[in-house]
Each structure stands twice: as C-alpha cells, then as structure tokens.
Amino acid sequence: MRNRNIFLLLALAVLWGPSFVFIKIAVLEIPPLTLVAIRLSLAAVFLSVILLIKGSKLERGWHFWKKFIFMGFFANALPFVLFSYGEQYADSGAAAILNGTTPIFTVLFAHFFVNDERVSLNRLGGVILGFAGILVIFFPDLQHFLSGQDFQGGLQSAGLMAFIGASFSYGIAIVYGRIKLRGLPPLVGPAAQLICSASMILPLALIVDKPFNLTPGVPALLAASVLGIFGTAFAYLVYYKLVDSAGATFISLVTYLLPPIGLILGIVFLDEQPLWYSFVGMGLILAGVIIVNRLGRKRRPQTHQAPVVS
C-alpha cells in the first residue's frame, strides 16, 4: 500500500507540475477567461460522466449547492483566472514557486476560523520564512518599476501579485472545506465544485472574450485540453484515491514537489531563465511550508479539500 501511495503521489505531481507550462503556452493565444472556461468545462464534463458511470448522483437542494458555489469560486474559478492572467507577464516557474505559498495562507486563515489550528510560535516562524521568500522574489522587479527604469518590471510584478492572489484564494477554499464539507461520497464534491466554477466562468468568457472570433493554433488548443483533462479531471481522480488510502497529511508532500518541478519544466521547455533570487525565494518558501506543515500538527478528521494547484 505504501508503494502504491508513493506512486500515486508522484503521479499527482506529474499531472499538476506541468500545468504552469501549459498555461503559459495556451495564454499566448487564448485569453485567460476563455482558457479557464475551456479547462473547467472539460473537467466538469469528464467527472460528471465518471459519476454517471459509477451510478452516483448529485444532491439538488440549495443547502448542498451553495457550498460548492463558494468552493467553485475560491478553489477553481478565481485562482485559475489569476494564474492565467499572471502568466501573460511572469514566468511559469514563478507561478509554480508562488503556488507553493498556499499552505502558508492556509495556516493563517485556519488560525482565525478553525478552533484546533492556532498558530504556534514554530508555525509563525514558518509563515515569516514564507513571506520572506515572497519578498525576495518580488523585490528586484518591483524596485526597477518604482525607480521608473522598467515598465515591464511593473507588469511582471502584477503577474506575481496575481499568483499570490491565487494562493490566497486557495487558502480560503481549504479552510472552508475543512469546516463545511465533510463525509461526502468520492468525487461528488469535486464534480459539484467544477460544475459550479465552470458555470461561473463560461458566460463571462463568452461576453468578455467573444471566443468564437478567436483563432488559436493547435499548440494552444492542445495545452488547454491537457489542462482540462489531465491537469484538472485526472488530477482530481488521483487526488481522491490518495485521500482514501493515505490521507491529507501524506498528500501535503506534493506541496514540496511542485515548485521545483514547475521551475525545471519552465527552464527546459520554455527557455525561462530564473535568476538567483528565484531559487533563494523558493528555498525560503519551501522551508516555511515544511515548518508550517510538520511542526505542531494536530490530528484531525478527514475533510473534503479542493486540490490546490493551477
């Protein structure tokens, strides 16, 4: 069982890690709203079909759906749009690194809203380390922009801020899921969540982007399709198999794998050239996440939690 769980964890990292590269490829020709609409719609249809095959059903009451409207917005719609917007201006590797700050925001929100997850001194140290890593990554571009030397630096800073906003949104979703969503049958929560998030973004994309007038090339369309089927739908399937067999603590290990995977893939496939401060920032963020996740942890009941990667 342990070997199987390790295999599934690595599979999850392989499914999620390249997402930042595929976003970068797709967003060159597909506007962010339309890209996210394609991604979420494909994933929602895929998981709905799986549910139908398994004979499972979604509830109909407002009490059920209002929770997934909230989750769909903060766990999928908003962060996916922010990552897609940000990668118009900043590297995919930076997106992968800053996605890794999600546990830091999660522990801050949990301190205020989850009774048994107060921030200890150890965890506070991890939070401070994580934010130090964020500042290291931001500082050079922001400094150039504020000095009036580099307008592009301002755009890149805006992209980095979008990545932070996405991780902030993921933190809200994770804490909400711990409080409100427990004991759901497998895949019912993810399917409902994706249906809600796709329903939010699709009309907006049709109005704002008028995607029927777009003519993206094959690489962009393939990247969007891979994001929907593999980076979202299949990733959910693997994620919830791990929830059943290993639990959320084991799954948190994927947080350590994604930033280096995303950074390396950006270098290899997109010819990105991160500077020294990206590596230093990543090291500080990972150190902070390790402290936040591993020190002072209390055992708690399993809950529905949204996968938190773009």
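Above: the structure in question.
Residues numbered from 1 in each chain as written. Predicted model: local features only at pLDDT ≥ 70, side-chain atom pairs only at ≥ 80, totals over all residues. Heavy atoms only, no water.

A. Broad picture of the overall build of the protein chain. When its secondary structure is counted, the protein chain shows 13 helices and 0 strands. In the protein chain, the order of α-helices and β-strands from amino to carboxyl end is α-α-α-α-α-α-α-α-α-α-α-α-α. Scored against the burial criterion, the 310 residues of the protein chain give a buried share of 52%. Put simply, 89% of the contacts in the protein chain that link residues at least 6 apart link residues at least 24 apart. Summed over all atoms, the accessible surface of the protein chain reaches about 14200 Å², with 70% contributed by carbon and sulfur. (Helix = DSSP H or I, 4+ residues; strand = E, 2+ residues; numbered from the N terminus. Buried < 20%, exposed > 50% of the residue type's maximum accessible area, 1.4 Å probe, protein only. Contact = heavy atoms within 4.5 Å. Areas by Shrake-Rupley, 256 points an atom, 1.4 Å probe, with all protein chains shown as cover.)

B. Looking closely at helix H10 (residues 218–245). The end-to-end C-alpha separation of H10 is 38 Å, in line with the 40 Å expected for 28 residues at 1.5 Å each. The sharpest bend along H10 measures roughly 35 degrees and falls at Ala235. (Expected span 1.5 Å × (residues − 1). Bend = angle between axes of the 7 residues up to and from the residue.)

C. Structural context of the packing of helix H1 (residues 2–16) against H10. As a packed pair, H1 and H10 sit with axes 9 Å apart at the nearest point and diverge in direction by 155 degrees. One finds that H1 runs roughly antiparallel with respect to H10. H10 is crossed by H1, and the crossing has left-handed handedness. Across the interface between the two elements, Arg4, Asn5, Leu8, Leu9, Leu12, Leu15 and Trp16 of H1 pack against Phe230, Gly231, Phe234, Ala235, Val238, Tyr239, Lys241, Leu242 and Ser245 of H10. When grouped by side-chain class, the residues that make up the contact of H1 with H10 number 11 nonpolar, 3 polar and 2 charged. (Axes fitted to C-alpha atoms, helices over the stretch in contact; angles between N-to-C directions. Parallel < 35°, antiparallel > 145°, perpendicular 65-115°, else oblique. Left-handed = near helix turned anticlockwise from the far one by under 90°. Nonpolar A, V, L, I, M, F, W, Y, C, P; charged D, E, K, R; others polar.)

D. Geometry of the nonpolar core. By size, the foremost hydrophobic cluster in this structure holds 88 residues, and its most contacted members are Leu12, Leu35, Phe83, Leu98, Leu160, Phe163 and Ile201. If sequence neighbours within four positions are ignored, Phe163 has contacts with Leu82, Phe83, Gly86, Glu87, Ala90, Asp91, Ala94, Ala95 and Leu98. (Core = buried A, V, L, I, M, F, W, Y, C linked by side-chain atoms within 4.5 Å.)

E. Spotlight on the environment of Pro31. Mapped onto the elements, Pro31 comes out in the loop between helix H2 (19–27) and helix H3 (32–54). According to the relative accessible area criterion, Pro31 is partly exposed, its value standing at 21%. Taking the C-alpha atoms as reference points, Pro31 and Val208, separated by 177 residues in sequence, lie 9.6 Å from one another. Other than its neighbours up to four places away in sequence, Pro31 contacts Asp209 and Leu214.

F. Region of interest: the packing of aromatic side chains. In total, this model carries 18 aromatic pairs according to the counting rule given. With 6.0 Å between their ring centres and 40 degrees between their planes, Trp16 and Tyr239 make a pair best called tilted. Remark: Tyr239 occurs in helix H10 and Trp16 occurs in helix H1; sequence separation between them is 223 residues. Accessibility classification places Trp16 together with Tyr239 in one group, the buried group. Between Trp276 and Tyr277, the aromatic rings sit 5.7 Å apart at their centres with planes inclined by 85 degrees, giving edge-to-face as the arrangement. (Phe/Tyr/Trp six-rings, centres within 6.5 Å; stacked < 30°, edge-to-face > 60°.)

G. Focus on unusual backbone geometry. Located in the positive-phi region is Lys210, a residue other than glycine, with phi close to 45 degrees. Positionally, Lys210 belongs in the loop between helix H9 (188–208) and H10. Given the relative accessible area of 48%, Lys210 is considered partly exposed. Even without being glycine, Asp271 reaches a positive phi, approximately 60 degrees. By the element assignment, Asp271 lies in the loop between helix H12 (254–270) and helix H13 (276–294).

H. Seen up close, the packing of H1 against H12. Their axes nearest at 10 Å, the elements H1 and H12 cross at an angle of 40 degrees. Comparing their axes, H12 and H1 come out oblique. Read as a crossing pair, H1 and H12 show a hand that is right-handed. In this structure, H1 contributes Leu9, Leu10, Leu12, Ala13 and Trp16 to the contact, and H12 contributes Val254, Leu257, Leu258 and Ile261. Taken together, the residues that form the contact of H1 with H12 break down as 9 nonpolar, no polar and no charged.

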